[in-house]
Each structure stands twice: as C-alpha cells, then as structure tokens.
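Here's the letter readout for the chains.
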Amino acid sequence: MKSPLLFDIPFQIDMNRYKQAIRYEYLDDARNEAILLLEIASKRLNPKVMLIEAFIDRHLNDGNVPVIAIGDIRFHGKALRALDGVHRIIPYIATCGDGMEDFDLSAMDMLAPYWLDELKSQALDQARKALRSLCNELFGIRRALSLNPGSGNVDIWPIEELQELFCLFGPDHRKVGVSLSQRSLMIPNKSIAGLLFANSEVDYESCAHCERANCPNRRVPFKARL
Amino acid sequence: MVDLKALSEAMQSGRAKDVRVLVQAAIDEGIPASRILDEALLSGMDAVGVKFKNNEIFVPEVLVAARAMNAGMEILQPLLVQTGVQSKGTVILGTVKGDLHDIGKNLVGMMMKGKGLSVIDLGTDVQTDRFIEEAIKHDADIIACSALLTTTMREMEHVVNAVKEANLRNRVTIMVGGAPVTEAFKSSIGADIYTPDAASASEAAYKVCTERRKA
C-alpha cells in the first residue's frame with residue numbers, strides 16, 4: 001500500500017451561518033463573547049484530510065455478513081455489500097483539527113460549548129468538501145460513495161472497526177491529529193473516517209439504515225433493507 | 001407592576017438581559033420568588049418544551065431560552081433558598097464511562113431544570129461508582145445516563161447493576177437516553193425509562209418526582 005497523503009485545509013468561517021446557528025440576535029448580553037470565541041477558533045482550528053489509495057484483496061462472507069480483506073486487515077458488516085465488485089477504495093480521515101481541544105471554556109458563557117460545536121462543524125464541513133475534491137483530483141472518482149464504521153444501525157458496520165480502519169494508515173495516522181479512544185470514539189469529536197469508493201451499481205447512504213426518525217441530521221428517509 | 005406573562009415571554013424568546021431586569025423588578029415589587037419561578041420561568045420552560053416536541057422550535061431556541069432562564073435563576077436562587085422552597089426532585093445526570101459526548105446530555109439537564117428539578121450534572125466519562133455515590137449523597141430520585149456510542153451504551157447496564165448492589169433499586173429510578181439507545185435496549189438492561197429526546201426526558205423525570213412526592 002502507498003503512503004498516506006495529508007492535506008491542511010484552509011479554514012474560512014461563514015459568519016452568517018455561525019450567527020444563525022447560535023441565534024446571535026438573542027444574545028444581546030453575550031455577543032462580544034460569541035465573536036471572541038469565533039476569532040480564537042478561526043486561528044486555532046486547523047481542518048485536515050488524510051487519505052490513501054488501497055485495494056481490496058478478497059471479498060468473503062462470515063455467515064451472512066460480508067467481509068473484505070485488505071492485506072492482513074479484515075472488515076465485517078452488512079454495509080460492505082455495497083463494495084461487491086469494487087477493487088479500489090480510498091480510506092480517509094477528515095477532521096476539524098485539534099486546535100481547540102485543550103481550550104478551556106469554563107470561564108465563558110454557558111452556551112459557549114454549543115458555539116464551539118458549530119465552529120468545529122464548519123471546519124469539518126470544509127474538510128469534508130476538500131476530501132471530495134481531492135478524491136476527484138487525485139483518483140478520478142467524481143461521485144464517491146462513503147462507508148463509515150458506526151454510521152447507521154449497529155449491525156451495519158460496527159464502530160469498533162474504526163480501529164482497523166486507522167491501521168490502514170500505519171503510524172502516519174497520528175499526523176492528522178485524530179486519536180481513537182478504547183471505545184472507538186474519535187477525538188476531536190468533529191472527525192469522520194471511512195472508505196470512499198465508486199460503484200455505479202449501488203446508491204449507498206448510511207443514513208438510510210439508521211432508525212432514528214427524528215435525527216436532525218437525517219439526509220435521506222429510512223430504509224429497512226440494505 | 002411587572003407582568004409575569006411578559007417575563008415568561010422574554011424568557012421563552014431567550015432575552016436574558018430583559019429577564020434579569022424583569023425578575024429584579026418583580027422582586028422589588030414584592031412578588032414572592034416562588035411565584036416568579038412558577039408563573040414565569042417554569043411555565044415559560046414548559047411552553048418551550050411543548051414547542052420543541054411539536055417541532056415548532058429547535059435546539060438553538062431551547063438553548064437561548066434555557067440561558068435566559070438561568071439568568072433569572074441566578075437572581076432568584078438565593079431567595080428561594082432563604083424562603084425554604086423545596087426542589088421538585090433531584091436527578092443525577094451524566095454521560096457514561098468511556099463516552100465524551102455532552103451536547104444532548106446538557107440539553108436534557110437544562111430542560112429538567114426548567115421543570116424545577118435539581119440536576120447534579122456529573123459531566124462526561126462518568127465512572128459507574130460516581131453515579132451511585134452522588135445518588136446517595138443527594139438522596140436522588142433519578143439517575144439519568146447518556147451515551148452516544150454503541151460501544152459505551154453497555155456501561156448503562158453496569159450502572160443498573162451497581163444501583164442494585166447498593167440496594168437503591170427501590171429508591172432510584174434509572175433513565176437512559178442517547179442516539180443508539182432504544183426502548184428494547186432499556187428493557188434488556190433492566191433500566192426504568194427510555195426517552196428519545198430532551199423534552200420527553202424532562203417530562204418523564206418530572207412525573208417520576210411528583211408521583212414519588214405524592215406517595
């Protein structure tokens with residue numbers, strides 16, 4: 001496998017989106033603080049993207065569960081059926097960056113954690129957008145589908161397999177600034193990781209296989225069957 | 001004369017500065033702190049909860065309303081303590097061991113406070129024993145556990161078992177919530193109440209506490 005590629009993504013805060021998201025107009029007594037946090041975050045947040053080209057060696061089955069093997073690493077999950085017939089995949093990690101992880105909010109307004117969450121979401125969105133462009137520029141995949149451990153219901157592709165996914169990058173994965181807890185929680189929290197791939201035969205969206213009817217981030221309606 | 005309805009509306013729309021001014025004015029006029037709490041702040045948060053459940057408003061509106069309520073409570077709290085106004089119940093709240101998510105948990109805490117409950121928020125990555133220690137220390141009615149990962153929600157079962165081992169099972173109601181948690185999961189681990197959102201959680205907690213006090 002080739003070495004992973006690491007990209008720093010320029011971060012530009014969308015002020016209107018920020019103000020709308022935090023209901024800035026109601027914060028008559030905390031507007032200065034909300035802007036101060038934005039200024040700090042704009043200097044410290046450092047979105048990054050890491051990706052690597054990889055090839056599936058074998059498609060297997062464990063009972064009814066599809067398995068793919070990449071070198072010594074194996075992934076198991078119903079979602080992997082979307083990779084049937086696929087050979088080339090692009091494992092990736094994209095993050096808002098770790099620049100605000102040690103920033104102490106305790107002296108700030110009680111809503112400051114939410115303001116920061118919005119700023120980190122913006123940084124991740126820009127990393128995600130850059131990831132798509134890079135996938136096209138570097139690998140010629142214009143309409144990349146994405147599979148992510150932990151996205152969708154638990155049996156779709158268990159979140160624990162993020163550990164194996166990170167192994168695909170080797171020790172270089174530390175350079176992206178995302179660490180995995182023992183319970184497979186990505187830190188910083190505004191980080192995503194998964195496999196990009198092209199498959200004209202399927203139209204996979206992990207969100208479609210998650211039962212949370214009222215999820216505010218739902219992109220497509222729930223589908224009971226993969 | 002301060003209009004408590006206007007105070008409630010200021011709170012619902014998140015105008016913290018106005019809430020501070022109106023609460024102080026109401027106190028200065030001699031309106032009892034408990035009346036300001038019940039008729040303006042708690043009733044205002046009730047209305048916010050209903051609108052949230054009906055998708056008329058969303059998380060950011062709830063947050064600014066909770067912040068405005070907090071501004072009013074900072075002024076009212078010392079008076080409520082002085083006059084011996086009792087909390088409607090006590091909830092020990094936290095995100096379970098191994099999990100660092102707190103946005104949803106904090107929202108639950110704010111909405112429970114909006115029901116007049118005392119909320120002891122233990123934060124994130126809370127060790128099982130800590131839930132028990134704090135429940136005993138505060139003579140809590142409820143332990144409410146949050147988890148956002150399938151890998152951490154199993155910790156809730158440890159909390160249920162620890163409550164049993166501490167002989168608190170008949171005294172403490174265990175509530176669970178978080179993205180991967182379901183009614184079936186709640187039943188499988190022997191917890192008492194699952195709620196899918198913050199507004200339902202606060203209503204369920206309020207019901208548990210008021211029924212316990214009536215009994």
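All values derive from a computational prediction rather than experimental measurement.

### Looking at the overall build of chain A
- On a plain count of helices and strands, chain A comes out with four helices and 11 strands.
- A compact globule built from 226 residues would reach a C-alpha radius of gyration of about 17 Å, and chain A, at 19 Å, matches this within 12%.
- With respect to the principal axes defined by its C-alpha atoms, chain A has extents near 60 × 40 × 35 Å.
- The burial tally for chain A puts 49% of its 226 residues in the buried class.
- Contacts in chain A between residues far apart in sequence, at least 24 positions, make up 72% of those at least 6 positions apart.
- Within the structure as shown, chain A displays about 11300 Å² of accessible surface, and the carbon and sulfur contribution to it stands at 47%.
- Seen as two clouds, the 28 positive and the 30 negative side-chain charges of chain A have centres 4 Å apart.

### Re the sheet that holds strand S4 (residues 173-177) of chain B
Residue and element names in this part refer to chain B.
- Strand order in the open sheet made by the five strands is S2-S1-S3-S4-S5, with parallel pairing throughout. This sheet does not close on itself; its edge strands, each paired only once, are strand S2 (118-121) and strand S5 (193-194).
- Across four bridges, strand S1 (residues 90-95) lies against S2 in parallel orientation. Each bridged residue has a counterpart across the sheet, and for Ile 92 the counterpart in S2 is Ile 120.

### Looking at the pairing of strand S3 (residues 142-146) of chain B
All names here are of chain B.
- Most of S3 sits inside the fold, with five of its five residues counted as buried.
- Where burial is concerned, the two faces of S3 agree: the one with Ile 142, Ala 144 and Ser 146 and the one with Ile 143 and Cys 145 are both buried.
- Here S1 runs beside S3; their pairing, made up of five bridges, is parallel. In the sheet register, Leu 93 faces S3, and the bridge partner there is Ala 144.
- Note: S3 against S4, five bridges, orientation parallel. If you follow Ala 144 over to S4, its bridge partner there is Met 175.
- Handedness of the crossover joining S3 and S4 through helix H7 (residues 155-165): right-handed.

### A short note on the side chain of Thr 128 of chain B
Residue and element names in this part refer to chain B.
- Along the chain, the position of Thr 128 falls in helix H6 (residues 128-137).
- A relative accessible area of 13% means that Thr 128 is categorised as buried.
- Setting aside its immediate chain neighbours within four residues, Thr 128 contacts Glu 155, His 158, Val 159 and Ala 162.

### Overview of the interface of chain B and chain A
- At the interface, 27 residues of chain B touch 22 residues of chain A.
- Roughly 2300 Å² is buried in total at the junction of chain B and chain A, and carbon and sulfur atoms are behind 62% of that figure.
- Considering only the side of chain B, the residues that lose the most area to chain A are Arg 67, Ile 103 and Thr 151 of chain B, jointly responsible for 28% of the buried surface there.
- The tally of links between chain B and chain A comes to five salt bridges.
- Residues Asp 29 of chain A and Arg 20 of chain B are paired through a salt bridge, measuring 2.9 Å at the closest nitrogen-oxygen approach.
- Elements that contribute at least two residues to the side of chain B that touches chain A include exactly helix H2 (16-28), helix H4 (59-82) and helix H5 (103-113) of chain B.
- The greatest single-element share of the side of chain B that touches chain A, amounting to seven residues, is contributed by H4 of chain B.
- By residue class, the composition of the side of chain B that touches chain A is 11 nonpolar, nine polar and seven charged.

### Regarding the domain arrangement of chain B
Residues and elements named next belong to chain B.
- When cut into domains, chain B gives domain 1 (4-82) and domain 2 (90-214).
- Centre-to-centre, using C-alpha coordinates, domain 1 lies 25 Å away from domain 2.
- Listed per partner, the contact involves 11 residues of domain 1 and 11 residues of domain 2.
- Here domain 1 meets domain 2 over a buried area of about 920 Å², counting both sides, of which 74% is carbon and sulfur.
- The largest per-residue losses of area from domain 1 upon contact with domain 2 belong to Leu 42, Phe 52 and Lys 53, which jointly make up 38% of the total buried on that side.
- The interface formed by domain 1 and domain 2 holds two salt bridges in total.
- Between Lys 53 and Glu 203 there is a salt bridge; the shortest N-O distance is 3.2 Å.
- Between domain 1 and domain 2 we count two residue pairs in polar contact (both at pLDDT 80 or more) in total.
- The set of elements that each furnish at least two residues to the side of domain 1 that touches domain 2 consists of helix H3 (33-53) and H4.
- When residues of the side of domain 1 that touches domain 2 are assigned to their parent elements, the largest contribution, six residues, is made by H3.
- Residues that form the side of domain 1 that touches domain 2 fall into these classes: eight nonpolar, one polar and two charged.

Thresholds applied
- Residues numbered from 1 in each chain as written.
- Chains lettered and ligands numbered in written order.
- Predicted model: local features only at pLDDT ≥ 70, side-chain atom pairs only at ≥ 80, totals over all residues.
- Heavy atoms only, no water.
- Helix = DSSP H or I, 4+ residues; strand = E, 2+ residues; numbered from the N terminus.
- Rg over C-alpha atoms; globule rule 2.2 N^0.38 Å.
- Buried < 20%, exposed > 50% of the residue type's maximum accessible area, 1.4 Å probe, protein only.
- Contact = heavy atoms within 4.5 Å.
- Areas by Shrake-Rupley, 256 points an atom, 1.4 Å probe, with all protein chains shown as cover.
- Lys, Arg positive; Asp, Glu negative; His and termini not counted.
- Charge placed at Lys NZ, Arg CZ, Asp CG, Glu CD.
- Pairing = 2+ DSSP bridges.
- Right-handed = clockwise from strand over helix to strand, strands pointing away.
- Buried area = accessible area lost by both parts, 1.4 Å probe.
- Salt bridge = Lys/Arg side-chain N within 4 Å of Asp/Glu carboxyl O.
- Nonpolar A, V, L, I, M, F, W, Y, C, P; charged D, E, K, R; others polar.
- Domains from an automatic or database assignment.
- Polar contact = N/O pair within 3.5 Å; in protein donor to acceptor, adjacent residues only side chain to side chain.

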